[in-house]
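Spelled out from the first residue to the last, the chains are:
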Amino acid sequence: MSLGLRFAGSANNEAFETLFKYAKTFTSLTGKSIAELVGKSTIETCLNVILLSLAMVSCCNQLHGAESLIK
């Protein structure tokens, strides 16, 4: 969330790529056994915070492929 707030509306590519990497990582965790250990809702909450941060960084700019994660 702090990256999203720090770079809100800036379209900073490095912040976007960092958040996008973590979004893909958390998306891939939902089907694995680790989701059972920590709870699927915990992973989904973390993913929602990352996607919100991505939206803040990309505000008024194209989401560069992140829209597929949001759907």
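Not measured: the values here are computed from a predicted model.

Draft legend 1. View of the packing of helix H2 (residues 13-29) against helix H4 (residues 40-57). One can describe the packing of H2 onto H4 by two numbers: an axis separation of 9 Å at closest approach and a directional angle of 155°. Between H2 and H4, the interaxial angle falls into the category roughly antiparallel. In this structure, H2 meets H4 at a crossing whose hand is left-handed. Mapping the contact onto sequence places Ala15, Phe16, Leu19, Phe20, Tyr22, Ala23, Phe26, Thr27 and Leu29 in H2 and Ile43, Cys46, Leu47, Ile50, Leu51, Ser53, Leu54 and Val57 in H4. For the contact of H2 with H4, the residue count by class is 15 nonpolar, two polar and no charged.

Draft legend 2. Highlighting the nonpolar core. Counting eleven residues, the largest nonpolar core consists of Phe7, Ala15, Phe16, Leu19, Phe20, Ala23, Leu47, Ile50, Leu51, Leu54 and Val57. Elements with a contribution of two residues or more to this core: H2 and H4. Aside from chain neighbours lying at most four places away, what touches Phe7 is Asn12, Ala15, Met56 and Val57.

Rules of the game
Residues numbered from 1 in each chain as written. Predicted model: local features only at pLDDT ≥ 70, side-chain atom pairs only at ≥ 80, totals over all residues. Heavy atoms only, no water. Axes fitted to C-alpha atoms, helices over the stretch in contact; angles between N-to-C directions. Helix = DSSP H or I, 4+ residues; strand = E, 2+ residues; numbered from the N terminus. Parallel < 35°, antiparallel > 145°, perpendicular 65-115°, else oblique. Left-handed = near helix turned anticlockwise from the far one by under 90°. Contact = heavy atoms within 4.5 Å. Nonpolar A, V, L, I, M, F, W, Y, C, P; charged D, E, K, R; others polar. Core = buried A, V, L, I, M, F, W, Y, C linked by side-chain atoms within 4.5 Å. Buried < 20%, exposed > 50% of the residue type's maximum accessible area, 1.4 Å probe, protein only.

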